[in-house]
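Below are the chains, spelled out letter by letter.
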Amino acid sequence: MFRKLQPFVLLAFLTLSQAACAGDLVVDGVPLPSGATVATTTTGSAFQQWSGVWVGVWLGSPKHILLVESIGEDGAARVVYAIGDNLRAGRQRRWLRLEGVASGRTLKVTGKGFSATYEMTEDGGLKARFEGGDSVIGATMARADFASLIRPDAIIAWTRGKSEFLQIDLVEDGKPVRLEVVVFRPSGVGPFPLAVINHGSTGRGTNPALFAETWLVTDLADFLNDRGWIVAFPQRRGRGQSDGLYDEGLAENRMRGYTGDIYTTFRGADRALSDIDAAITAASPTARRCPDTGARRWKFARRRVVGGLCRATSRASRRRHQFCRRLAQ
């Protein structure tokens, strides 16, 4: 696994010198220079495979586009390196042109204070590795058609994960609630074990834009998929594209973010655990019917994941301890 997997540590992105401007092409929030073009290569060229454009996501955010504009017979490349808004780091969308060097199935691009290495996979995608300071993160990128990518109505598959919606038993303001869950499936034929992964951080809770960001970790999904696990990232109420209001320990004046009041914090934790329990309960029948997932393995994954969450919080209160024991049964 990559070390220091923290979205806010992507300091090297601060070096992007060309901010987005009105004349840029914008691909689902990621800017490209208006004159960007895909490299043309001769048939049979040693680096013909590097003529193209790829899309992906660094860690879980921000979105990333790599466009190779030129590639020489010696492997010297010129690329457009572009990212979307990084809400957690408080950085805006950017692009810049960089020099790179291709060697066989590897392309290394160097910027001020960072480098990015792209290794081509058998299906033409890329395994990307970003290094800046003491931070190392990764991304899995898919080849895209440039003309289709820049269409105004283009729908971009930034990750292999597919967003699905679970109809849960919770009701809010008299309305049923649906929770978004992003599912990453491994290749091959199952049955596979299922890992359910969730995370709660939205910084200080003062930036509502973070609530609407669908949280996932592509590195972790890839790591588990490579080992034969299906991975699901459920988004709790008011998070990502899930229905409802995000209200997990926020002050009465929501503009002030999270409160330090212990009872408000505990109620928020209980609400979060209720959402995860509802998501697991809603997904359970589907998982048992799904040919990809065996019932015994689903039960094992559920107990391990929920049990780990409960062990981390069971000392908070007797009520939560009893709640977690019930979930783990």
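Cut-offs applied
Here the residue numbering is sequential within each chain, running from 1 through the sequence in written order. Local features in a predicted model are, by the rule used here, given only for residues with pLDDT of at least 70; side-chain atom pairs are given and counted only at 80 or more, and totals for whole chains, interfaces and linings are based on all residues. The side-chain values count all of the structure's non-hydrogen atoms but skip hydrogen atoms and water molecules. In this text, helices come from DSSP runs of H or I with a minimum length of four residues, and strands from runs of E with a minimum of two, each type numbered from the N-terminal end. Note on exposure labels: buried denotes an accessible area under 20% of the residue type's maximum, exposed denotes more than 50%, and partly exposed covers the range between, all computed with a 1.4 Å probe on protein chains only. We call two residues in contact whenever any of their non-hydrogen atoms come within 4.5 Å of each other. Throughout, nonpolar core names a set of buried Ala, Val, Leu, Ile, Met, Phe, Trp, Tyr and Cys residues whose side chains join them through atoms within 4.5 Å. Both site types are read off a 1 Å grid over the protein atoms alone. A 1.4 Å probe that fits but cannot get out defines a cavity, while an open set with protein on both sides within 12 Å along at least five of seven lines defines a pocket; lining residues have an atom within 4 Å of a point. Grid points are joined across faces, edges and corners, and a volume is the space filled by probe spheres set on the points. Gly is put with the polar residues, along with every residue not named as nonpolar or charged; the nonpolar set is Ala, Val, Leu, Ile, Met, Phe, Trp, Tyr, Cys and Pro, and the charged set is Asp, Glu, Lys and Arg. Pairing between two strands is assigned when DSSP locates at least 2 bridges connecting them. Here an angle of 0 to 180 degrees is reported between the N-to-C directions of two axes, which are lines fitted to C-alpha atoms, with helices fitted over the stretch in contact. Note on ring pairs: Phe, Tyr and Trp rings are taken, using the six-membered ring of Trp, and paired if centres are within 6.5 Å. Classes follow the plane angle, with under 30 degrees stacked, over 60 edge-to-face and the rest tilted.

Each helix and strand counted, the chain has six helices and 15 strands in total. Burial status across the chain gives 47% buried among its 329 residues. Restricting the contact set of the chain to residue pairs at least 6 apart, pairs at least 24 apart contribute 61%.

Residues Trp 50, Trp 58, Tyr 81, Leu 107 and Tyr 118 are the most contacted members of the largest nonpolar core, which totals 27 residues. Looking at this core, the elements that each hand over two or more residues are β5 (63-71), β6 (76-83), β7 (94-103), β8 (106-111), β9 (114-120), β10 (126-132) and β11 (135-144).

With that settled, the discussion passes to the environment of Ala 89. By secondary structure assignment, the location of Ala 89 is in the loop between β6 and β7. Note on Ala 89: relative accessible area 21%, which makes it partly exposed. Ala 89 sits 114 residues away from Gly 203 along the chain, and the two C-alpha atoms are 9.9 Å apart.

Here we take up empty space enclosed by the protein. Evaluated as defined, the whole model comprises one cavity of 30 Å³ or more. Reported here for the largest cavity is a volume of approximately 40 Å³. For the lining of the largest cavity, a count of residues per class yields two nonpolar, three polar and two charged.

Each strand in a sheet pairs with another by means of backbone hydrogen bonds, the pair being arranged parallel or else antiparallel. Spatially, β12-β13-β15-β14 is the arrangement adopted by the four strands of the open sheet, whose pairing is mixed. Both edges of this open sheet fall to β12 (162-172) and β14 (194-196), since each of them pairs with a single strand only. Direction aside, the axes of adjacent strands within the sheet are offset by 30° on average. Two elements, β14 and strand β15 (residues 230-234), share three bridges in a ladder whose sense is parallel. What sits directly across from Val 196, in β15, is Ala 232.

With that settled, the discussion passes to the layout of surface pockets. Empty space within the largest pocket amounts to approximately 670 Å³. Along the walls of the largest pocket sit 29 residues, with Asp 28, Val 57, Lys 63, Trp 158 and Thr 214 positioned nearest its centre. Listing elements by their share of the lining of the largest pocket, those giving two or more residues are β12 and β13 (175-184). The element best represented in the lining of the largest pocket is β12, accounting for three residues. Across the lining of the largest pocket, the residue classes break down as 13 nonpolar, nine polar and seven charged.

We now examine the environment of Met 141. Turning to its location among the elements, Met 141 is positioned in strand β11. Separated by 83 residues in sequence, Met 141 and Trp 58 have C-alpha atoms that sit 9.3 Å apart. Leaving out residues up to four positions away in the same chain, Met 141 has contacts with Trp 54, Val 55, Gly 56, His 64, Ile 65, Leu 66, Tyr 118, Gly 125, Leu 126 and Ala 128.

Below, the discussion takes up helix α3 (residues 218-226). Working note: α-helix, 3.6 residues per turn, so residues spaced by three or four point in the same direction. For α3, the set of buried residues is Thr 218, Asp 219, Ala 221, Asp 222, Leu 224 and Asn 225. As for α3, its buried residues are in contact with β4 (53-57), β10, β11, β13, β14 and β15.

With the rule as written, the count across this model stands at seven aromatic pairs. An angle of 55° between the planes, with centres 5.8 Å apart, marks the rings of Trp 50 and Trp 54 as tilted. The pair formed by Trp 50 and Trp 54 is uniform in burial state, with each residue classed as buried. For the ring pair Tyr 81 and Phe 114, a centre distance of 5.4 Å and an interplane angle of 50° mean the geometry is tilted. Of this pair, Tyr 81 sits in strand β6 while Phe 114 sits in strand β9, placing them 33 residues apart in sequence. The exposure class assigned to Phe 114 is buried, which follows from its relative accessible area of 4%. Taken together, the aromatic side chains of Trp 58, Tyr 81, Phe 114 and Phe 130 make up a single cluster linked through ring pairs.

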